Amino acid sequence: MNHLLSTEYLSATDLTRILNMADEMAEVLDRPIPKVPTLRGKTVGLVFFENSTRTRLSFERAAKALSADTMTFGSQGSSMTKGESLRDTALTLEAIGADLMVVRHYAVGAAHRISEWVDVPVINAGDGTNQHPTQALLDALTLRQRFGKLDGLAVAIVGDIRHSRVARSNVFALNALGAEVTLVAPATLLPTSLEGWPVKVAYHIDEVVEDTDVMYLLRIQAERGGDQVVPSLPEYVSRFGLTEQRYARMSGDSVVLHPGPMNRGVEIAHGVAEAERSLVLSQVRNGVAVRMAVMLTLFGAHHD
Ligand code: CP
């Protein structure tokens, strides 16, 4: 693997190999000194054109746990404000010494374009509405830890699917690992075409609440126009929100996931976010181990 840009081309074998390495990285992170020297001398460029809390910080923590140096680029305050192009910016970061680039951008395909211009591995940390592959990997790791395997799991992804790179990456990764995915959303928050998507569709959360093993909630992405196609927030909550009453109807073995950031009181009730079967913080924690595993894979490195 030269880059990680999408989950669409990853097989169950590819995914399982990364998840197995992430299990080893989780063990490293549990040590009294949670660090290995494997990437000493390497520099990881964190190239963020869009805001992030979890992804940026967990990539930074992951790089440092592997003893790599990091170099952070944010478009605000950079020479892009003076008209520098994306290509010139990427080539500049490579010339300064980035041995790998982690790229988040608001435009679909931006990480892919950069991967064509530079000679170092590129990880897509989210490109517009398209893909966020390390999020899908950390979600798969969280579910594998909980259930042992993903084969046969019923997963409902509920919310603003249309604007969600997390949904796209998860649909293909979860399907490859044998899970059965149902998308739950109003028609206005579904993609215009689901051709080629291995999913079922439902239009009310109550259709899936008692039968799902995994309730995966997504916020409405106002920054991409999601709020413009939901006429009434109370009505949205009544049809798609995971309230405490609905949580109580879910099976005792089922779990709740959310990629963050959460809008408590909309897609997820405060009490559900805090509930015993909410794995939100496990997802965040697993992001570090998964990102370590992905960087090691792209560098072709073996840790001690
Ligand atoms: N899940 C996720 O990508 O969160 P951030 O936007 O905070 O990185």
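Definitions and cut-offs
- Residues numbered from 1 in each chain as written.
- Predicted model: local features only at pLDDT ≥ 70, side-chain atom pairs only at ≥ 80, totals over all residues.
- Heavy atoms only, no water.
- Helix = DSSP H or I, 4+ residues; strand = E, 2+ residues; numbered from the N terminus.
- Salt bridge = Lys/Arg side-chain N within 4 Å of Asp/Glu carboxyl O.
- Buried < 20%, exposed > 50% of the residue type's maximum accessible area, 1.4 Å probe, protein only.
- Expected span 1.5 Å × (residues − 1).
- Contact = heavy atoms within 4.5 Å.
- Pairing = 2+ DSSP bridges.
- Axes fitted to C-alpha atoms, helices over the stretch in contact; angles between N-to-C directions.
- Right-handed = clockwise from strand over helix to strand, strands pointing away.

A. Region of interest: the environment of Leu-281. Checked against the element boundaries, Leu-281 lands in helix H10 (residues 280–299). Each C-alpha atom of the pair Leu-281 and Gly-128 lies 24 Å from the other, and the pair is 153 residues apart in sequence.

B. The pattern of salt bridges, seen in detail. Taken as a whole, this structure holds eleven salt bridges when the rule is applied. With its nearest N and O atoms 2.9 Å apart, the salt bridge here joins Arg-165 to Glu-50. Residue Arg-165 is found in helix H6 (residues 165–176), and its partner Glu-50 is found in the loop between strand E1 (43–48) and helix H2 (54–65); the two are separated by 115 residues along the sequence. Each of the two residues, Arg-165 as well as Glu-50, counts as buried. One salt bridge connects Arg-219 with Glu-223, and the closest N-O pair in it is separated by 2.7 Å. Members of the salt-bridge network, linked through shared partners, are Asp-206, Glu-210, Arg-246 and Arg-249.

C. A look at helix H1 (residues 12–29). Its 18 residues place the ends of H1 25 Å apart at the C-alpha level, agreeing with the 26 Å of an ideal helix rising 1.5 Å per residue. Those residues of H1 hidden inside the fold are in contact with H2, helix H5 (133–147), H6 and H10.

D. View of the sheet that holds strand E9 (residues 255–257). Reading across from one edge, E7-E6-E5-E8-E9 is the order of the five strands in this open sheet, with parallel pairing throughout. Strands at the two margins of the open sheet, each flanked by one partner only, are strand E7 (199–202) and E9. Put simply, the sheet's adjacent strands are angled 25 degrees from each other on average, direction ignored. Examined bridge by bridge, strand E8 (residues 214–217) and E9 share three bridges and lie parallel to one another. Across the sheet, the residue bridging to Met-215 is Val-256, located in E9. Against the sheet, H6 engages strand E5 (154–158), strand E6 (180–184), E7 and E8, with an angle of about 170 degrees to E5.

E. Structural detail: the pairing of strand E3 (residues 100–105). Along E3, six of the six residues are buried, which leaves the element largely enclosed by surrounding structure. Along E3, one buried face is formed by Leu-100, Val-102 and Arg-104 and the opposite face, lined by Met-101, Val-103 and His-105, is buried too. Here E1 pairs with E3 via five bridges, running parallel. Bridging across to E3, Phe-48 finds its partner in Arg-104. Taken together, the four bridges between E3 and strand E4 (residues 122–127) define a ladder with parallel strand orientation. Residue pairing for E4: His-105 is matched across the bridge by Asp-127. Handedness of the crossover joining E3 and E4 through helix H4 (residues 110–117) is recorded here as right-handed.

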